[in-house]
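Commentary on secondary and tertiary structure
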Amino acid sequence: MAGPPPLQGIKVLEFAGLAPGPFAGMLLADAGASVLRIDRATGGQDVLARRKTSLVVDLKDPAGIALIKKVVATAPIDVIIDPFRPGVLEKLGLGPDVLLAINPRLIFGRMTGFRRDGKYADMAGHDINYLAVSGTLGLLGRAGQKPFPPINILADFAGGGATLYQGVLLALLARQTTGRGQVVEANMVDGASYLATFPRMIKKTPMGNKPRGNNALDGGSPWYDTYETKDGKYMSVGAIEPQFFDELVRLLGIGDQGWNEKRHDESTWPELHHLFTSIFFSKTRAEWEAVFDGTDACCAPVIDYDELETNSALEGDLRPAVTLRSTPCLALDVERPAAKGTEAAARGQGAGVEGGGYDPVFVMPGEGGEETLQSWLGWKEGNQYILGDNGAVLADKSKL
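Anyway, here's the lowdown on the structure attached to this text. (Residues numbered from 1 in each chain as written. Predicted model: local features only at pLDDT ≥ 70, side-chain atom pairs only at ≥ 80, totals over all residues. Heavy atoms only, no water.)

**Some details on the packing of aromatic side chains**
For the record, the criterion: A pair of aromatic rings is counted whenever rings of Phe, Tyr or Trp (Trp by its six-membered ring) have centres within 6.5 Å, and the orientation is called stacked for planes under 30 degrees apart, edge-to-face for over 60 and tilted otherwise. Labels follow the DSSP assignment, with helices taken as runs of H or I lasting at least four residues and strands as runs of E lasting at least two, numbered in each case from the N terminus. Whether a residue is buried, partly exposed or exposed follows from its accessible area with a 1.4 Å probe, protein chains only, as a fraction of its type maximum: under 20%, in between, or over 50%, in that order.
Under the criterion given, the structure shown has 13 aromatic pairs. Relative to Phe 157, the ring of Phe 23 has its centre 5.2 Å away and its plane inclined at 80°; by these criteria the two rings are edge-to-face. With Phe 23 in helix 1 (residues 20-30) and Phe 157 in helix 6 (residues 154-178), this pair connects stretches of sequence that are 134 residues apart. Since its relative accessible area comes to 17%, Phe 157 is described here as buried. Ring geometry for Tyr 227 against Phe 280: centres 5.2 Å apart, planes inclined by 15°, an arrangement best described as stacked. In this pair, Tyr 227 sits in strand 7 (residues 224-228) while Phe 280 sits in helix 11 (residues 269-280), placing the two residues 53 residues apart along the sequence.

**A look at the nonpolar core**
Convention followed: In this text, buried Ala, Val, Leu, Ile, Met, Phe, Trp, Tyr and Cys residues form a nonpolar core when linked through side-chain atoms within 4.5 Å. Throughout, a contact is declared for two residues whenever any of their heavy atoms are within 4.5 Å.
Counting 34 residues, the largest nonpolar core has Val 12, Leu 28, Val 79 and Leu 164 as the members making the most contacts within it. If you list the elements that add at least two residues to this core, you get helix 1, strand 4 (79-82), strand 5 (107-112), helix 5 (127-134), helix 6, strand 6 (182-187) and helix 7 (188-195). Looking at this core element by element, the count peaks at 7 residues for helix 6. Apart from residues no more than four positions distant in its own chain, Leu 28 is found in contact with Leu 7, Val 12, Ala 33, Val 35, Val 79, Ile 81, Tyr 165 and Val 168.

**Considerations on the pairing of strand 11 (residues 391-394)**
Each regular strand carries side chains that alternate between the two faces of the sheet. Under the convention used in this document: Only strands that DSSP links by at least two bridges are regarded as paired with each other.
Where strand 10 (residues 385-388) lies against strand 11, 4 bridges are found, and the strand directions are antiparallel. Bridging across to strand 11, Ile 386 finds its partner in Val 393.

See below:
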């Protein structure tokens, strides 16, 4: 029988911000933490709000600031998520020096786009900018074309939100030994650069020392690419090792032409690219799936999320990012039975969420916050705090 999720009992205050901060909070919530968003009265909805509640707090009112401090000290809060540009919470009197003084076990998680101490620290930016100055964007794109960023997965979410989440977990682990919290600082430039460790290093080797788009793993080689099929869909090819390449060309019907022996001769790449393009375009994706499914050719269909969501034969039941066998994270999918041979832990525990991880789960500003304060502290509106037009403030003005 599964035990409780790994972060059950951890209390998190997440100051509402752009997507990377809420993503870190969502990861904590999916692992069982109780996450309370601090919203503005005029705040918008966020698509990354599943399993969270919201409390509107007037951070321009000293009684609102006092409420935050009281909650941090009394709950006590385990984790703060600060998604703002440097100095914002300090100006409000809610910086780490203040909050760690009243709750020494607090993990103060902060995330910025650019480095706090770098050339671009005072500038606004987005995913594409952080990738650009990290060196990562210069790796992405076809030969002879401009650098091409992926949708904002790499800096915002992998280098940003997920890296902050990792830092918070490390700080929680360290607290087990030291008994004290600490400030955790993540930024998307360093996060993206760290993710690019392997491609950065192979730039010093024959595998990746040529200009962008001309190397084995960046679209230069014909055996690591995507190919259009007869019905306008695509197949992915990743046949790097010789035995997998042998299987690929055999199943493509060109296995007796000596391609494996000469495939590292880059002068042959254009010809083989053209040949693969022509062959893959001769069948539909479904026909190619029938050829390659169950083989070691490293050839698989490019599947869109709308297909995954609606086709129960595909692996579209969304799951936690990692399987904990004894204390699984919380489930996302609510409809599909466990796949054959799949243990329940891989799917997560609990009832799942509306939309199974495909649909946004919105939390309106103020939704569920009163219940969370009741659960955490036993507080009731009108006693310890008051809800005004601009949000919650501490009721006892003598505490200001």
